[in-house]
Amino acid sequence: MSRVVIFGGTGFIGSALSLAISSLGHEVIIMGRNLNFTLPNNVKFYEIDFEKNDPWANILCESDYVCYLIGINLPLSLDLSNDGEKAIESFEQLLNLCV
């Protein structure tokens, strides 16, 4: 079976995806901020903070698939000031690790 890493796996879409993939027998690793549901045995959770140098690069190198579902809730004004820029920077960091 495959090892799948899901960034944002505790959100609305990510939590459903992680449970669906794990039900097929795959190993799932959730990278997120808040765990608010019970995990099956083949799902691991790592709390990440892009502001710090978390040791998740090794996990990525040993994985078969990576799904990036991290997002932010924007107000109607679509202000991308601080949170939007942090989300973009974290995605760039992830891409650089995968090269």
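Quick caveat: nothing in here was measured; it's all calculated off a predicted structure.

Rules used in this analysis
- Residues numbered from 1 in each chain as written.
- Predicted model: local features only at pLDDT ≥ 70, side-chain atom pairs only at ≥ 80, totals over all residues.
- Heavy atoms only, no water.
- Helix = DSSP H or I, 4+ residues; strand = E, 2+ residues; numbered from the N terminus.
- Buried < 20%, exposed > 50% of the residue type's maximum accessible area, 1.4 Å probe, protein only.
- Contact = heavy atoms within 4.5 Å.
- Expected span 1.5 Å × (residues − 1).
- Arc of directions from axis to C-beta.
- Pairing = 2+ DSSP bridges.
- Axes fitted to C-alpha atoms, helices over the stretch in contact; angles between N-to-C directions.

Thoughts on the environment of M1
With respect to the element layout, M1 can be found in the segment before β1 (3–7). What makes M1 exposed here is its relative accessible area of 78%. Residues M1 and H26, 25 residues apart in the sequence, show an inter-C-alpha distance of 5.2 Å. Residues contacting M1, with those up to four places away along its chain left out, are L24, G25, H26 and D64.

Remarks on helix α1 (residues 12–23)
Over its 12 residues, α1 runs 17 Å from end to end, which matches the ideal 16 Å to within 8%, given 1.5 Å per residue. Turning to α1, its buried residues number three or more, namely G14, S15, S18, I21 and S22. Down the axis of α1, the buried set is contained in an arc of 135°. They therefore lie on one face. In α1, those exposed residues whose orientation departs by more than 90 degrees from the buried face are F12, I13 and S23.

Concerning the sheet that holds strand β2 (residues 27–32)
Taken in spatial order, the four strands make up an open sheet running β3-β2-β1-β4, and their pairing is parallel. What marks the edges here is a single partner per strand, and that holds for β3 (43–47) and β4 (65–68). On average, adjacent strands in this sheet sit at an angle of 20° to one another, irrespective of strand direction. In the sheet, β2 pairs with β3 via five bridges, with the strands oriented parallel. Residue M31 lies in a different strand from β3, and its bridge partner there is Y46.

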